[in-house]
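Read off the chains here:
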Amino acid sequence: MEEMRIQKQISIYMTNKKLCEFNDKLKLAPVDYYAHLHAQGEKQGDGSRQRSCIGVVLQDYSKGTGNNTIRVTANLSPEFFAYALSRVSIGVEQFDFSEEKIFGEPDAKGLSMVTKVTVKRAAFDSNGNPRNYPWFIQVENGKAVKEKTALGGVHMKKGSYQKGQTVFLNINDYDFFRLMQQTSRYIETWELTYGPKLIREAQQIIAAQQRAAADEDLPA
């Protein structure tokens, strides 16, 4: 029997030229940060630092498939989808979200990976006509020199950014709502599946520590 291939795809939007896909990259916080639920870069037991996120894939195959396909990727926080779903649910006319990240070890040229994500909604075009596809999603991949900030974070060194590939697409209200709703529903299900076990484990550790502390305070 052929081995089953498990797909991490949560939701997808596809036309004859473009594709937008959201994938499961969620990770639990370590037990000592159990109330975070989602990993936020805390140090794990093996020394690694992970972040819980949803993977974004945009593809443009208008010039052909295979090597002719343009494919870009990025990551978004779980909270983005609840926020975007709340906006499309109340029918906002305008929406404007942008985010850029630099990450990973530098390559031989000292450049690290950069992702830029833009999500917008414009109800009307420049002539005042209603848009049939008012939502705009764009992902850009590139590289830049990574610098540390005074507060210990990282950012791109000014003037070092090298633009790579970019893919954008336009989506109507229903399909954007569907993408956000399906992804938000999966995140909630994931939290309800893995969160209770993490919380119970942390509470058991806390209770054991409290009992040990109380025993130490008892008179000899």
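Preceding block: the structure.
Parameters at a glance
Residues numbered from 1 in each chain as written. Predicted model: local features only at pLDDT ≥ 70, side-chain atom pairs only at ≥ 80, totals over all residues. Heavy atoms only, no water. Phe/Tyr/Trp six-rings, centres within 6.5 Å; stacked < 30°, edge-to-face > 60°. Helix = DSSP H or I, 4+ residues; strand = E, 2+ residues; numbered from the N terminus. Buried < 20%, exposed > 50% of the residue type's maximum accessible area, 1.4 Å probe, protein only. Lys NZ or Arg CZ within 6 Å of the ring centre and 35° of its normal. Pairing = 2+ DSSP bridges. Axes fitted to C-alpha atoms, helices over the stretch in contact; angles between N-to-C directions. Contact = heavy atoms within 4.5 Å. Disulfide = S-S within 2.5 Å.

Caption draft 1: Seen up close, the packing of aromatic side chains. Per the stated rule, a full pass over the model turns up eight aromatic pairs. With 5.2 Å between their ring centres and 85° between their planes, Phe-22 and Phe-81 make a pair best called edge-to-face. Residue Phe-22 is located in strand 2 (residues 18-25), and its partner Phe-81 is located in helix 1 (residues 78-89); the two are separated by 59 residues in the primary sequence. The residues Phe-22 and Phe-81 share a single accessibility class, namely buried. When the ring of Tyr-83 is compared with that of Phe-95, the centres are 5.6 Å apart and the planes differ by 40°; the resulting orientation is tilted. Pair noted here: Tyr-83 is in helix 1 and Phe-95 is in strand 7 (residues 94-103), with a separation of 12 residues, a long-range link. On the accessibility criterion, Tyr-83 (43% relative accessible area) is partly exposed. Joined through ring pairs, the aromatic side chains of Phe-22, Phe-80, Phe-81 and Phe-97 make up one cluster. Lying over the aromatic face of Phe-168, Lys-18 brings its terminal NZ or CZ to 4.2 Å of the ring centre. Sitting over the face of the ring of Tyr-161, Lys-116 holds its NZ or CZ atom 4.0 Å from the ring centroid.

Caption draft 2: Structural detail: the sheet that holds strand 8 (residues 112-122). Read from one edge of the open sheet, four strands run 7-8-9-12, paired in antiparallel fashion. Edge strands, defined here as strands with exactly one partner in the open sheet, are strand 7 and strand 12 (162-171). When strand polarity is set aside, the average angle formed by the axes of neighbouring strands in this sheet is 10°. Direction of pairing for strand 7 relative to strand 8: antiparallel, over a ladder of 10 bridges. Paired with Phe-103 across the two strands is Met-113, which belongs to strand 8. Sheet strands touched by helix 1: strand 7, strand 8 and strand 9 (135-144). Its angle to strand 7, the strand with the most contacts, is close to 165°.

Caption draft 3: Local environment of the state of the cysteines. Across all of its chains, the model carries zero disulfides by this definition. Lacking any disulfide linkage, Cys-20 is separated from the closest cysteine sulfur, that of Cys-53, by 15 Å. Taking relative accessible area as the criterion, Cys-53 reaches 9% and is therefore assigned buried.

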